[in-house]
Amino acid sequence: MSNGGLDGFLKREVLAVQEFTALVLTSLRLAFSPPRYFTDTLLQMDVIGFGSLPIVLLTGFFTGGVLALQTYRTLGTFGEVGLLGQAVSLSVVRELGPVLTALMVAGRNSSGIASEIGSMLVSEQIDAMRALGTDPMRKLVAPRIYATLITLPLLTVLSDFFGLLGGFFVSYSTAHLSSAQYWTSAYQALDLQDVFQGLVKPVFFSLVVAGIGCYFGLRTSGGTEGVGRSTTQAVVAASVLILVLDFFITKFLIGIKFT
Amino acid sequence: MENASVNPVIEFEHVSLSFDEKKVLTDISFRMDHAGTLILLGVAGTGKSVLLKLALGLLKPDAGKIKVDGVDTVPLPEAKIRPIRKGMGMVFQEGALFDSLSVYENVAYPLREAGDHDEERIETRVREVLGFVEMEHAIEKLPSELSGGMRRRVSIARAIADRPGIMLYDSPTAGLDPVTAHTITVLIAKLRDAERVSSIVVTHRPQDGYVLANFRYVKGQQNLVPALTHGDNGSAPATRFMVLRDCGIYFQGTGPELANEADTYLRKFLV
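Bear in mind the structure is a predicted one, so any value in this text is a computation, not a measurement.

So, how was this worked out
- Residues numbered from 1 in each chain as written.
- Chains lettered and ligands numbered in written order.
- Predicted model: local features only at pLDDT ≥ 70, side-chain atom pairs only at ≥ 80, totals over all residues.
- Pairing = 2+ DSSP bridges.
- Helix = DSSP H or I, 4+ residues; strand = E, 2+ residues; numbered from the N terminus.
- Axes fitted to C-alpha atoms, helices over the stretch in contact; angles between N-to-C directions.
- Contact = placed C-beta atoms within 7 Å.
- Nonpolar A, V, L, I, M, F, W, Y, C, P; charged D, E, K, R; others polar.
- Parallel < 35°, antiparallel > 145°, perpendicular 65-115°, else oblique.
- Left-handed = near helix turned anticlockwise from the far one by under 90°.
- Core = buried A, V, L, I, M, F, W, Y, C linked by C-beta atoms within 7 Å.
- Buried ≥ 20, exposed ≤ 12 C-beta atoms within 10 Å, placed from the backbone.
- pLDDT = per-residue confidence, 0-100.

Caption draft 1: Expanded view of the sheet that holds strand 12 (residues 248-253) of chain B. Residue and element names in this part refer to chain B. Reading across the sheet, the 6 strands line up as 6-7-8-3-11-12 and stay open at both edges, with mixed pairing between neighbours. On the outer flanks of this sheet lie strand 6 (88-91) and strand 12, each paired with one strand and no other. With strand direction ignored, the average angle separating the axes of adjacent strands in the sheet is 15°. Bridge count for strand 3 (residues 37-41) against strand 11 (residues 239-245) is 5 bridges, and the pairing is parallel. Within strand 11, the position partnered with L40 by the bridge is M242. Across the sheet, helix 8 (residues 206-214) is in contact with strand 3, strand 8 (198-202) and strand 11; its angle to strand 3 comes to roughly 165°.

Caption draft 2: The arrangement of the interface of chain B and chain A in detail. Counting residues at the interface gives 13 residues for chain B, matched by 10 residues for chain A. Taken together, the elements giving at least two residues each to the side of chain B that touches chain A come down to helix 3 (78-85) and helix 4 (103-113) of chain B. No other element matches helix 4 of chain B, which puts 3 residues into the side of chain B that touches chain A. Grouping the amino acids of the side of chain B that touches chain A by side-chain chemistry returns 8 nonpolar, no polar and 5 charged.

Caption draft 3: View of the packing of helix 3 (residues 84-122) of chain A against helix 8 (residues 223-254) of chain A. All names here are of chain A. Packing of helix 3 against helix 8 brings their axes to within 8 Å, and their N-to-C directions diverge by 150°. Classified by the angle their axes make, helix 3 and helix 8 are roughly antiparallel. The interaxial crossing formed by helix 3 with helix 8 has right-handed handedness. In this structure, helix 3 contributes V99, A102, L103, A106, G107, S110, S111, A114, S115, G118, S119 and V122 to the contact, and helix 8 contributes G223, G226, V227, S230, T231, A234, V235, A238, S239, I242 and D246. When grouped by side-chain class, the residues that make up the contact of helix 3 with helix 8 number 11 nonpolar, 11 polar and 1 charged.

Caption draft 4: Fine view of the nonpolar core. Among the nonpolar cores identified, the biggest contains 74 residues, and B:L40, B:A55, B:M90, B:V107, B:A157 and B:L168 are the most heavily contacted of them. Membership of the second largest hydrophobic core comes to 61 residues, among which are A:V56, A:A87, A:L96 and A:L152.

Caption draft 5: Fine view of the confidence of the model for chain B. Residue and element names in this part refer to chain B. Chain-level statistics for chain B give a pLDDT mean of 89 and a share of 94% at 70 or above. Contacts of residues 1-5 to residues separated by more than four positions or lying in other chains number 4 contacts, the stretch itself having pLDDT below 50. Interface confidence for the predicted complex, given as ipTM, is 0.89, next to a pTM of 0.89.

Caption draft 6: Focus on the environment of A:G49. All names here are of chain A. Inspection of the secondary structure puts G49 in helix 2 (residues 38-77). Considering only alpha carbons, one finds G49 and T151, 102 residues apart in sequence, at a separation of 5.1 Å. Here G49 is in contact with A147, T151, L154 and L155, once residues within four sequence places are set aside.

Structure, rendered in structure tokens:
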């Protein structure tokens, strides 16, 4: 049985997906039985959620702003500049807010989680933890997944708001739209499905962000060089998975009718 | 003694383990009696550390039985091995202290994990074990602020905090200067003789084994004293030596038996 070639590659990838899924599902299941590490979860909420706030807000603000700038030119050719608020709010709430927030949080935290857990693994701290009667899944993986699950949707909402704010700033200063024009158009454009789509995505993305970080951290091998490798792999895998998952979630949610 | 030999605290029966295609341990069988010491010798890569991890249930063998206090841990799931592990302490090669926690928090960790939430009781025990390893002065420090020898001592303190009956030491003196290495060996003997803890000691330094086999700790004395012979209150430590080579057991016996061996590989391990 060869491990090389396409055959071996596909088997390894399928096994990786299986292991990743098992890791995420197991950590979700652990929420229903003690011991639960509330303090660790709160600590991770601070690190992952609060710690990511500045980059998420900045990303949101400038994305909304640049979106307004680009759309302004197009809408201007049709004399529909008044629709700027609508264009920004739909793009930000449905798509750009959730995806860019998840990508920024992944860049900051999937790598951080992978390097932290990877370092613990190569320095035998995880073995020590097990030797002292602790389940690393409960102590290390589950709190990070729960913390991301709670904070990423909240970060997305804030990022959406800052995106709209960025759009407003450009609409007001460049397109000379009044505040009422912009915000009314932005608000009225959104229906329940848009908000639902914008809030469902971060729930799935959070499992990717934290799960991938933990997964690559726990399969680190080869000392400090291995930790660096896991960190890079975690960011790349999480970013790609977020974009792929976004396509499928959007495709699925577009088919759902809200009456 | 007879009673102890009927119920060994750790027993390996025909244990084998491979990582992928590479054999790590083959047909390992031995037993360790209560309050005994097993000195595990062998050149690097012979599977000594792996053997400790198998004893602790951190790894599962491909074949064979591993009994801890008479319970075969091999078929048990992780959740059922955890309570058995609480009766065992392990000192890892580099200490494996949690680097984001202070010395106090590291030593308190097993107590908190055992469900003790009485902070006063935890602090008393932490100070007691840190005093035992003479590290109470470093209670507030982080592991990164400690020297190699200090880390091993804190690691010993953490391992004994929850009063385990079995201690596993993975090269506790590796990379330390002779004076610090001797301090660690004295601590191991002290723990064995004062607390009647059974120990497996992996070491690259034959002199550690020599000290543990021939000296003992007497309460109130700073240094170890020469061990008396068997029959004199039975106070001579029950120390056995095991030498690994090529994934298997190459020698198993007492210190004098090892000393009488003419084999060139075994003579590497004579002081």
